[in-house]
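Spelled out from the first residue to the last, the chains are:
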Amino acid sequence: MGNTGLQRELGLFDSISIVLGIVIGSGIFLVPNLIARVIDSPPWILAVWIVTGVLSFFGALAFAELGAMLPATGGQYVYLREAWGLLPAFLCGWTHFFVSQSAGIAYLSVSFAIYLSYFVPLGSWPARVVALAVMALLTLVNYRGVRPSATVQNVCTVAKVAGLFIIIVSAFFVPRFTSNAPSHGVPASAFGIAMIACLQAYDGWSAVSFVAGEVKNPERTLLRALSIGMAIAIAIYVLINMTYLKVLTIPEIAHADRVGTLAAERTLGRSGATLVAVTILLSILGSLNGRVLTQPRVYFAQACDGLFFRRFATIHPRYRTPSFSIVVQGAWSAVLILTGSFEVLIDYRIFGIWMLNVATVAGVVVLRRKRPELERPYRMWGYPFSTLAFIAVGSAFMLNTLIQRPAPSLIGLAIMAAGIPAFYLWRRRA
């Protein structure tokens with residue numbers, strides 16, 4: 001399985017930047033606030049970040065085995081197609097396009113405008129214009145080639161990791177300001193609610209698989225990129241939370257709208273707030289560019305299979321990118337920005353994303369039995385225990401999400417299910 005006409009231009013550093021750039025968005029500055037509202041014990045706060053990080057790491061290892069075995073453009077869509085058939089694969093692309101990824105692109109674009117207002121005050125409509133402008137600019141960059149997009153991704157990733165490193169290191173040069181309560185147990189339900197927020201912060205590690213058809217030596221590069229990228233992300237998330245807990249009390253974290261800014265002001269003074277604002281902007285920009293880069297490849301792969309409009313399979317003759325797919329994704333994201341629909345859709349996406357992730361990881365087990373003849377340059381570490389652990393914890397997480405947030409979960413499930421009649425219409429049309 002190849003790249004269907006796309007060029008392999010992405011190396012190891014580019015691939016690591018995609019993983020880190022998408023995973024580390026604005027969540028690390030916002031999610032600690034949500035976690036501190038349900039967990040008031042420092043060790044358990046760190047534990048939830050570690051547990052969800054390890055869970056995500058297991059998922060990344062499963063994607064590494066699948067990516068080395070099936071190094072084709074479309075990634076998760078291809079894995080689901082080979083393991084479960086065309087319908088689940090179609091629902092993957094359907095969910096990404098109409099809910100999870102397009103809404104995520106719109107959300108990040110608006111978030112960029114909101115944080116830019118720290119430097120330039122923006123009203124409601126000027127903020128939307130800025131959101132449209134930054135999304136359109138990155139769409140243009142990606143339209144003109146995977147190499148320019150990778151350059152933007154590398155710069156943003158290096159800059160934001162450097163900014164986070166400064167914030168972390170600064171905490172070690174100040175006396176301990178806080179005296180948080182001693183450790184105590186927390187209810188399982190509270191830990192589960194915190195996991196919902198944490199897993200959203202880790203969201204995006206699967207996206208590098210979408211560009212597998214443009215990665216050099218994907219049999220080795222995908223494993224290294226996912227392993228190194230996720231290891232760095234987990235380390236950064238744990239260290240930045242240790243920084244917050246060193247200079248802030250848990251009630252302060254729970255009530256701070258911008259916990260990162262408050263922590264940096266404690267360690268670096270007023271310049272700390274500026275550093276955090278710049279780091280957040282770079283984080284959002286890197287995550288946004290990474291999604292604009294990777295997501296159109298799913299719709300491209302679908303179209304190559306005859307499960308989406310044929311024009312989505314178009315490759316630009318000069319830039320060698322899935323140009324039509326990139327443009328339409330940008331247009332749909334623009335509609336979501338202008339209408340504000342992303343604010344609703346963003347709440348529905350997590351259940352669908354994790355249903356697809358669990359099904360994909362389960363595909364490792366299915367393909368080991370169904371297609372044992374396929375060459376596997378990498379076999380998932382700890383199989384079958386790591387695989388089953390991801391499936392079990394991921395399923396429990398979905399059940400907990402369904403119980404704790406039934407309306408968004410069921411609506412997200414309904415949107416995914418709406419793709420079933422669309423699939424059969426496409427099959428008949430094909």
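Residues numbered from 1 in each chain as written. Predicted model: local features only at pLDDT ≥ 70, side-chain atom pairs only at ≥ 80, totals over all residues. Heavy atoms only, no water.

Caption draft 1: The environment of Leu-275, seen in detail. Locating Leu-275 in the fold gives a position in helix 12 (residues 270-294). Spatially, the C-alpha atoms of Leu-275 and Thr-261 are 8.4 Å apart, while their sequence positions differ by 14 residues. Excluding anything up to four places from it in sequence, Leu-275 contacts Gly-163, Ile-166, Ile-167 and Leu-268. (Helix = DSSP H or I, 4+ residues; strand = E, 2+ residues; numbered from the N terminus. Contact = heavy atoms within 4.5 Å.)

Caption draft 2: Region of interest: the packing of helix 7 (residues 146-171) against helix 9 (residues 218-247). The contact between helix 7 and helix 9 brings their axes to 9 Å, and the two run at 40°. Taken together, the axes of helix 7 and helix 9 lie oblique to each other. In this structure, helix 7 meets helix 9 at a crossing whose hand is left-handed. Along the contact surface, helix 7 presents Val-161, Leu-164, Ile-167, Ile-168 and Ala-171, while helix 9 presents Ile-236, Leu-239, Ile-240, Thr-243, Lys-246 and Val-247. (Axes fitted to C-alpha atoms, helices over the stretch in contact; angles between N-to-C directions. Parallel < 35°, antiparallel > 145°, perpendicular 65-115°, else oblique. Left-handed = near helix turned anticlockwise from the far one by under 90°.)

Caption draft 3: Inspection of the nonpolar core at higher detail. In this structure, Val-23, Ile-35, Trp-49, Tyr-237 and Trp-354 are the most contacted members of the largest nonpolar core, which totals 142 residues. Ranked by residue count, the leading element in this core is helix 5 (residues 86-116), at 15 residues. Look past the residues within four positions of Trp-49 in its chain and what remains in contact with it is Ile-28, Val-31, Pro-32, Ile-35, Cys-198, Ala-201, Tyr-202, Tyr-237 and Asn-241. (Core = buried A, V, L, I, M, F, W, Y, C linked by side-chain atoms within 4.5 Å. Buried < 20%, exposed > 50% of the residue type's maximum accessible area, 1.4 Å probe, protein only.)

Caption draft 4: Highlighting a nonpolar patch on the surface. Among the surface-exposed residues, Leu-399, Leu-402, Ile-403, Leu-410 and Leu-413 lie close enough to one another that they form a single nonpolar patch of about 430 Å² accessible area. Elements with a contribution of two residues or more to the nonpolar patch: helix 17 (385-404) and helix 18 (406-417). A per-element tally of the nonpolar patch places helix 17 first, with three residues. Its location among the elements puts Leu-413 in helix 18. (Patch = residues over 30% accessible without salt bridge, like charges linked within 9 Å, V, L, I, M, F, W, Y side chains within 5 Å. Areas by Shrake-Rupley, 256 points an atom, 1.4 Å probe, with all protein chains shown as cover. Salt bridge = Lys/Arg side-chain N within 4 Å of Asp/Glu carboxyl O.)

Caption draft 5: Seen up close, the packing of aromatic side chains. According to the stated counting rule, one finds 29 aromatic pairs in the structure shown. Considering the side-chain rings of Phe-63 and Trp-205, the 5.1 Å spacing of their centres and the 85° angle between planes classify their relative orientation as edge-to-face. Pair noted here: Phe-63 is in helix 3 (residues 42-69) and Trp-205 is in the loop between helix 8 (188-202) and helix 9, with a separation of 142 residues, a long-range link. Accessibility assignment for this pair places Phe-63 and Trp-205 in one class, buried. With a centroid separation of 5.2 Å and an interplanar angle of 90°, the aromatic rings of Phe-312 and Phe-324 are classed as edge-to-face. (Phe/Tyr/Trp six-rings, centres within 6.5 Å; stacked < 30°, edge-to-face > 60°.)

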